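This is what each chain is made of:
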Amino acid sequence: MAEKLVVLSDMWGVKRGLWITSYFGYLQQYYDIVFYDSQQLGNVDVAVSSEENIHKAFVEGGIDTAVAHLLKKETEPCHYLAFSTGGTIAWKAALKGLAMKSLTAISPTRIRFEEEKPEMPLRLVFGECDEFKPGMKWSKEVGVKPEIVLGFGHELYSDEKIISDVCLKLLQKVTDASVKL
């Protein structure tokens, strides 16, 4: 039986998420994938779909709503792969008791405001040029060592090189586990 992988989109959800299909292409053979559009999970519905409006809607309650919905929808421990705002949602849900085997969060925007980390295997990946990445002081205080990818910005998760690297490490989780059985 395949391991379950919950995937949480960035703030754009399926509206600008063609890149997400590359992740599914790599992972669907080895994982039972459940996908959540972060906008739908957070009941984010804005009249004008601009970056500023969507971001504001998440900050003003959408993230908390998404966390509450995720806690209701997912009850069994599994692996999580989350992008940008989705990473923040997963992080906060884990702190509220969401059972996770692991969390891979790529460019999780607002975790830099968090004061504690969830207790499970974490992989945080940020682009060197990502204006939203946490600083070294935060990393030290919270006890997390993010991976910084040189030459990339916030949306590094949509680049094929990053996609293949992230997927390879996730595939190692399931292939290493199946070898031990």
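For clarity, every value in this text was computed on a predicted model and none was experimentally measured.

K.L.:
Residue-level account of the nonpolar core, with values.
P.N.:
By size, the foremost hydrophobic cluster in this structure holds 32 residues, and its most contacted members are Leu-8, Leu-70, Ile-89 and Leu-103. Elements supplying a minimum of two residues to this core: strand E1 (3-8), helix H3 (51-73), strand E3 (78-83), helix H4 (85-95), strand E4 (100-106), strand E5 (122-127) and helix H5 (136-142). Per element, the largest residue contribution to this core is six residues, and it comes from H3. When residues no more than four places from it in sequence are discounted, the contact partners of Ile-89 are Leu-8, Ser-38, Leu-41, Phe-58, Ile-63, Ala-66, Val-67 and Leu-70. Ranked by size, the runner-up nonpolar core spans 23 residues in total, among them Val-7, Phe-24, Ile-106 and Leu-170.

K.L.:
Which residues make up the packing of H3 against H4, and what values do they have?
P.N.:
Two numbers describe a pair of packed helices, the interaxial angle and the distance between the axes. Orientation of H3 relative to H4, taken along the N-to-C sense of each, is 55 degrees, at an axis distance of 9 Å. Accordingly, the angle class assigned to the pair H3 and H4 is oblique. Crossing geometry of H3 relative to H4 is assigned as right-handed. Note on element contacts: H4 touches H3 through Thr-85, Thr-88, Ile-89, Lys-92 and Ala-93, opposite Phe-58, Ile-63, Ala-66, Val-67, Leu-70 and Leu-71. Looking at the contact of H3 with H4 residue by residue, the class counts come to eight nonpolar, two polar and one charged.

K.L.:
How would you summarise the pattern of salt bridges if you had to cite specific residues and measurements?
P.N.:
Under the criterion given, the structure shown has seven salt bridges. Here Lys-169 and Asp-165 are joined by a salt bridge, their closest N and O atoms 3.1 Å apart. Taken together, the positions of Lys-169 and Asp-165, both in helix H6 (residues 160-180) and four residues apart, correspond to about one turn of that helix. Among the residues examined, Asp-165 registers a relative accessible area of 30% and is labelled partly exposed. Salt bridges linked by common partners bring Arg-123, Glu-147, Asp-165 and Lys-169 together as one network.

K.L.:
Report on the packing of aromatic side chains, specifying residues and quantitative values.
P.N.:
Given two aromatic rings, their pairing is described by the distance between the two centres and the angle made by the two planes. Evaluated as defined, the whole model comprises seven aromatic pairs. Aromatic pair Trp-19 and Phe-83: ring centres 4.9 Å apart, planes at 80 degrees, arrangement edge-to-face. Placement of the pair is Trp-19 in the loop between E1 and helix H1 (20-27) and Phe-83 in strand E3, with a sequence separation of 64 residues. Residue classification places Trp-19 among the buried positions, given a relative accessible area of 13%. One aromatic cluster is present, formed by Trp-19, Tyr-23, Phe-83 and Tyr-157 through successive ring pairs.

K.L.:
Account for the sheet that holds strand E2 (residues 31-36), with residues named and values stated.
P.N.:
Reading across the sheet, the six strands line up as E2-E1-E3-E4-E5-E6 and stay open at both edges, with parallel pairing between neighbours. Edge positions in the sheet fall to E2 and strand E6 (147-149), since each of these pairs with one other strand and no more. Direction aside, neighbouring strands of the sheet carry axes that sit 20 degrees apart on average. Relative to E5, E4 is paired through four bridges, and the arrangement is parallel. Within E5, the residue paired with Thr-104 across the bridge is Arg-123. Contacting E1, E2 and E3, H1 crosses the sheet at an angle of about 160 degrees to E2.

K.L.:
I'd like a description of H1, backed by residues and values.
P.N.:
Along H1, the residues that are buried comprise Ile-20, Tyr-23, Phe-24 and Leu-27. All buried residues of H1 project into a common sector of 100 degrees when viewed along the axis, lining one side.

K.L.:
A description of the environment of Gly-151 should follow, citing residues and the corresponding values.
P.N.:
Turning to its location among the elements, Gly-151 is positioned in the loop between E6 and H6. Looking at Gly-151, the relative accessible area reads 59%, which means it is exposed. Along the sequence, Gly-151 and Pro-121 sit 30 residues apart, while their C-alpha atoms lie 26 Å from each other.

Definitions and cut-offs
Residues numbered from 1 in each chain as written. Predicted model: local features only at pLDDT ≥ 70, side-chain atom pairs only at ≥ 80, totals over all residues. Heavy atoms only, no water. Core = buried A, V, L, I, M, F, W, Y, C linked by side-chain atoms within 4.5 Å. Buried < 20%, exposed > 50% of the residue type's maximum accessible area, 1.4 Å probe, protein only. Helix = DSSP H or I, 4+ residues; strand = E, 2+ residues; numbered from the N terminus. Contact = heavy atoms within 4.5 Å. Axes fitted to C-alpha atoms, helices over the stretch in contact; angles between N-to-C directions. Parallel < 35°, antiparallel > 145°, perpendicular 65-115°, else oblique. Left-handed = near helix turned anticlockwise from the far one by under 90°. Nonpolar A, V, L, I, M, F, W, Y, C, P; charged D, E, K, R; others polar. Salt bridge = Lys/Arg side-chain N within 4 Å of Asp/Glu carboxyl O. Phe/Tyr/Trp six-rings, centres within 6.5 Å; stacked < 30°, edge-to-face > 60°. Pairing = 2+ DSSP bridges. Arc of directions from axis to C-beta.

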